[in-house]
Amino acid sequence: MPPLKITPTDHEGGGLVHETWEWFARRIHFETPGGRAYAILDSRLFDIAGFERAIRSEVPPHQADSPDELARLIGVDPSRLVETVGNYNAAAIGDPARFDATRCDGLAASSALRPPKSNWARAIVKPPFLAYPLIGGVAYTFGGVATNAKAEVLGGDGPLAGLYAAGEMTGHFYGTAPNAVAILRALVFGRIAGLEAVSYLSKRH
C-alpha cells in the first residue's frame, strides 16, 4: 500500500480540531489507495492514562518489534516506513521528559520536519511498535435544501408553499464542519418552522 501523500503546504492544524480531521479524513478516503492510512506509534502510548478515550476505535493496532516488520504486517514498503520513522525520529530533538499528553507541551520537532509538529514530538523508539488503521468516516452530510429566514424551503421561483425545513438538512455543513452550531440552528429554525407551519395551516382553514 502506498503511503499517504503529504504535500509541503500541509500543516499540523489548519484550524480547530474538527476542521483538521475533516480534510484529513477526506484525503484518506478519496486520495489514498484503499482508503486507509496508519498512525504509527510506539508502546509508550500505553503509559498515557486514559489513552483509550483518544483512540475512539475498537480495532486493535498491528504490533511488531521493528518498523520494517510492522510495515510488512500492514502492506507498506518496509524501506519507506523505516525511512519515514527515521526522519521523524531525527527531527524529535527535544527532551522527551517534557512530554505531557494532558496539554500542549511545547515539545516540538525541528524545523526540518514536514509537516511540522509543535507538541508531543517524542521519538518512536520503544517496541512493540504500533500501527492503528485510519479510515474516513461519515460524520455529517454536506449540502441540503435552501431556506429563508422563515424556514421556508426555496424552489427555483421562490418559497414552496407549506414546506419548511430546519437542522442539518438545510446544509450548514459544506466543505468543513463548523463546530457547536448544529443544535443552535436546529433549535432556532425548528421553532420558526413550527410556528410558520401552524400559521400556514390556520390560514387555510
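Residues numbered from 1 in each chain as written. Predicted model: local features only at pLDDT ≥ 70, side-chain atom pairs only at ≥ 80, totals over all residues. Heavy atoms only, no water.

A. Fine view of the sheet that holds strand 3 (residues 129-134). The antiparallel open sheet is built from three strands, whose spatial order is 1-3-2. Of all the strands in the sheet, just strand 1 (37-42) and strand 2 (62-64) have a single pairing partner and so form its edges. Within this sheet the neighbouring strands show an average axis-to-axis angle of 25°, counted without direction. Where strand 2 meets strand 3, three bridges bridge the pair, whose relative direction is antiparallel. Bridging across to strand 3, Gln63 finds its partner in Leu130. Each of strand 1, strand 2 and strand 3 touches helix 3 (residues 67-74); the most contacted strand, strand 2, lies at about 150° to it. (Pairing = 2+ DSSP bridges. Helix = DSSP H or I, 4+ residues; strand = E, 2+ residues; numbered from the N terminus. Axes fitted to C-alpha atoms, helices over the stretch in contact; angles between N-to-C directions. Contact = heavy atoms within 4.5 Å.)

B. Region of interest: the pairing of strand 5 (residues 158-164). Two elements, strand 4 (residues 152-155) and strand 5, share three bridges in a ladder whose sense is antiparallel. Counterpart to Glu152 in the pairing with strand 5 is Tyr164. The loop that links strand 4 with its antiparallel partner strand 5 comprises two residues.

C. Quick peek at the pattern of salt bridges. Overall, the coordinates contain four salt bridges when judged by the stated rule. Where Asp68 meets Arg72, a salt bridge forms, and the shortest distance between an N and an O atom there is 3.6 Å. Separated by four residues within a single helix, Asp68 and Arg72 lie in helix 3, roughly one turn from each other. Overall, the relative accessible area of 56% leaves Arg72 in the exposed class. With its nearest N and O atoms 3.0 Å apart, the salt bridge here joins Asp100 to Arg103. Under the relative-accessibility criterion, Asp100 is labelled partly exposed at 22%. (Salt bridge = Lys/Arg side-chain N within 4 Å of Asp/Glu carboxyl O. Buried < 20%, exposed > 50% of the residue type's maximum accessible area, 1.4 Å probe, protein only.)

D. Spatial organisation of the side chain of Arg122. The residue Arg122 is located in the loop between helix 4 (78-91) and strand 3 in this model. Buried within the structure, Arg122 lacks any salt-bridge partner; its nearest side chain of opposite charge belongs to Asp42, at an N-O separation of 5.2 Å. For Arg122, the contacting residues outside a window of four places in its chain are Arg44, Ile48, Tyr88, Ala92, Pro96, Phe99 and Leu107. (Lys, Arg positive; Asp, Glu negative; His and termini not counted.)

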